Amino acid sequence: MTALKTKGGQAGLPRGTKAHGSEPSPSPGPQNPLGTKPVGKLLVQFAVPSIIAMLVSALYNIVDQFFIGHYVGMLGNAATNVAFPLTMSCTAISLMCGIGGAANFNLNMGRGDQKKAADYAGNAITMTFAIGVALCIVTKLFLEPMMVLFGATDQTLDYSLVYTGITSLGFPFLIFTTGGSNLVRADGSPLFSMLCTLAGAVVNTVLDALFMIVLHMGIEGAAWATVIGQVVSAVLVALYLMHFKTVRLERRALKPKAACWGNIARLGMSPCINQLAMMAVQIVLNNVLTFYGAQSQYGSDIPLACAGIISKVGMMFFSIVIGISQGMQPIVSFNYGARQYQRVLEAVWKSIACATVISIIAFLCFQIFPRQIIGVFGQESEEYFRFAERYFKIYMFFTFANQFQPIVANMYTSIGKAAAGAFMSLTRQILFLMPLLILLPKFFGLDGAMYAAPIADCVAFVLASGMLLRETHLLQREIRGQK
């Protein structure tokens, strides 16, 4: 039997938890800092590094976009937009494994079951790398059909094939880094989790400049810089996971267990579905912009290039919201497992408040400075900027309320309500935005694609608010029952 240790000593287990064999009872939830430290301080401790890590992760795409825009041009930017759905699929897989593993890990730590917690952490690690390798192989086998499906035009196809053909080699490392970072954070080391991602981004930025400005490698240089940065981050995560703090991860914990994989996928399904939904929407949007753009004064390539830049800028904002949500996760999971429901509500509502402030600031920037933001990624024609400004202001109009849906979805995941979390993840992208993207352009052309997003955002906000209020009422009833 593996000897597993935590700080705080032995005490009685929370209701419903059974001791394993003759092992000493592990420390219950309240003795862990996640169960005792002020929630506000915990949110700062966990959310700030998570936000920085998510922003840095998004910078991989932004930095590539910047250098490609200046040293390759508009067609290079359009090509990275075509490749973007695969990056989103990597994020989806890594969040499924990472958040699903972290949620199961923290829930079991809150219940006092350290052996099961270690199994979930180990299986999440195995899961991330195995699926990453599989995605790399599939991409290599079906690269050109994928690029065509994702909206590549005759002018952008060659760029897309070169860029994605190289970056696909980094998929196992990207998925392992993002998924493993959630486990590092769940283990109580949010700062190291951030540093792992930051190190890779710094390497990527330096190599982008070297490969593209000094060595004139073009879009190939941007792709190789991305892959090398991802490898550096993955090595740092692997080094940490070899010395996990709260439990000892031995080789047996890495052995795949069907039950663990199933529960990891179940609790990680909500953020995974959200990313896959975003990927599906991006594919549909690319094809809509290409088709209806060809019928407009702008042509196919201007809308495709502009939408790619705006999507990645939007991801910068969204990364902050996701970072807050990920910082909230271990606090909510642990305290829900320890039956400290008042702390669960406090963490959720404080996360909503912080994300709301960020969302309002982002909304103001998108509405006031669209041309300046677009101009960072290269100078093009006046027609290009005219379309970009209008697209930016309309498509991103409801940014000030976009924080509710991802945080509410992650709240459900964190407390083990996988079905509700998965449903919330489907609402904005699949149930609302996808049908609107298909229907509205039939009547309004390119304008229909622009207006689809704010309409979907508004409906998703109303639904998420209602579900949040309902869950708050249920938890408050549990709190009254404990008195």
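Residues numbered from 1 in each chain as written. Predicted model: local features only at pLDDT ≥ 70, side-chain atom pairs only at ≥ 80, totals over all residues. Heavy atoms only, no water.

Colleague: Hey, could you go over the nonpolar core for me, with residue numbers and the actual values?
Modeller: Core analysis: the largest hydrophobic core is formed by 130 residues, its most contacted members being Met-147, Leu-241, Phe-244 and Tyr-391. With 19 residues, helix H12 (residues 301-337) is the single largest residue contributor to this core. Excluding residues within four positions of it along the chain, Met-147 makes contact with Val-82, Leu-86, Ala-152, Leu-157, Ser-160, Leu-161 and Thr-164. Core analysis: the next-biggest nonpolar cluster, separate from the first, contains 12 residues, Phe-67, Met-212, Ile-219 and Ala-223 among them. (Core = buried A, V, L, I, M, F, W, Y, C linked by side-chain atoms within 4.5 Å. Buried < 20%, exposed > 50% of the residue type's maximum accessible area, 1.4 Å probe, protein only. Helix = DSSP H or I, 4+ residues; strand = E, 2+ residues; numbered from the N terminus. Contact = heavy atoms within 4.5 Å.)

Colleague: Tell me what's going on with the pattern of salt bridges, and back it up with residues and numbers.
Modeller: Inspection of every chain in the model, using the stated rule, returns eight salt bridges. Residue Asp-119 is joined to Lys-257 by a salt bridge in which the shortest nitrogen-to-oxygen separation is 4.0 Å. Here Lys-257 lies in the loop between helix H10 (251-254) and helix H11 (258-293) and Asp-119 lies in helix H4 (residues 114-141), a separation of 138 residues in the sequence. For Asp-119, a relative accessible area of 7% corresponds to the buried category. Using a relative accessible area of 28% as the deciding quantity, one classes Lys-257 as partly exposed. The residue Glu-389 makes a salt bridge to Arg-371 at a minimum N-O spacing of 2.9 Å. Remark: Arg-371 occurs in helix H14 (residues 370-375) and Glu-389 occurs in helix H15 (residues 382-395); sequence separation between them is 18 residues. We classify Glu-389 as partly exposed; its relative accessible area is 23%. Look at Arg-371 and you get partly exposed, because its relative accessible area is 31%. (Salt bridge = Lys/Arg side-chain N within 4 Å of Asp/Glu carboxyl O.)

Colleague: An account of helix H3 (residues 74-111) is requested, with residue identities and associated values reported.
Modeller: The end-to-end C-alpha distance of H3 is 54 Å, a good match for the 56 Å that 38 residues give at a rise of 1.5 Å each. Of all 38 residues in H3, 33 are buried; the element is thus mostly enclosed. Gly-112 sits one or two residues past H3 and shows a positive phi near 90°. (Expected span 1.5 Å × (residues − 1).)

Colleague: Tell me about the packing of helix H17 (residues 418-444) against helix H18 (residues 446-482), and name the residues and values.
Modeller: At their nearest, the axes of H17 and H18 sit 8 Å apart, and the two run at 155° to each other. The orientation of H17 with respect to H18, classified from their angle, is roughly antiparallel. As H17 packs across H18, the resulting crossing turns out to be right-handed. A breakdown of the residues in the contact of H17 with H18 according to their chemical character gives 22 nonpolar, two polar and three charged. (Axes fitted to C-alpha atoms, helices over the stretch in contact; angles between N-to-C directions. Parallel < 35°, antiparallel > 145°, perpendicular 65-115°, else oblique. Left-handed = near helix turned anticlockwise from the far one by under 90°. Nonpolar A, V, L, I, M, F, W, Y, C, P; charged D, E, K, R; others polar.)

Colleague: So what's going on with the confidence of the model for the protein chain? Which residues, and what values?
Modeller: For the protein chain, the mean per-residue pLDDT works out to 82, and 93% of the residues sit at or above 70. Here helix H2 (residues 39-71) stands out as the element of the protein chain with the lowest mean pLDDT, 78, in contrast to helix H13 (residues 341-368), whose mean of 92 is the highest. Considering only residues more than four positions removed or in separate chains, one finds that residues 1-30, a stretch of pLDDT under 50, has 59 contacts. (pLDDT = per-residue confidence, 0-100.)

Colleague: Let's hear about a nonpolar patch on the surface: which residues, and what values?
Modeller: A contiguous nonpolar patch, built from Phe-129, Val-133, Ile-137, Val-138, Leu-141 and Phe-142 and spanning about 530 Å² of accessible area, is present on the exposed surface. Exposure remark for Phe-142: the relative accessible area of 44% places this residue in the partly exposed category. (Patch = residues over 30% accessible without salt bridge, like charges linked within 9 Å, V, L, I, M, F, W, Y side chains within 5 Å. Areas by Shrake-Rupley, 256 points an atom, 1.4 Å probe, with all protein chains shown as cover.)

Colleague: Let's hear about unusual backbone geometry: which residues, and what values?
Modeller: One non-glycine residue, His-216, adopts positive backbone phi at about 55°. Relative to the helices and strands, His-216 resides in the loop between helix H8 (190-214) and helix H9 (218-241). Residue His-216 is classed as exposed on the basis of its relative accessible area of 65%.

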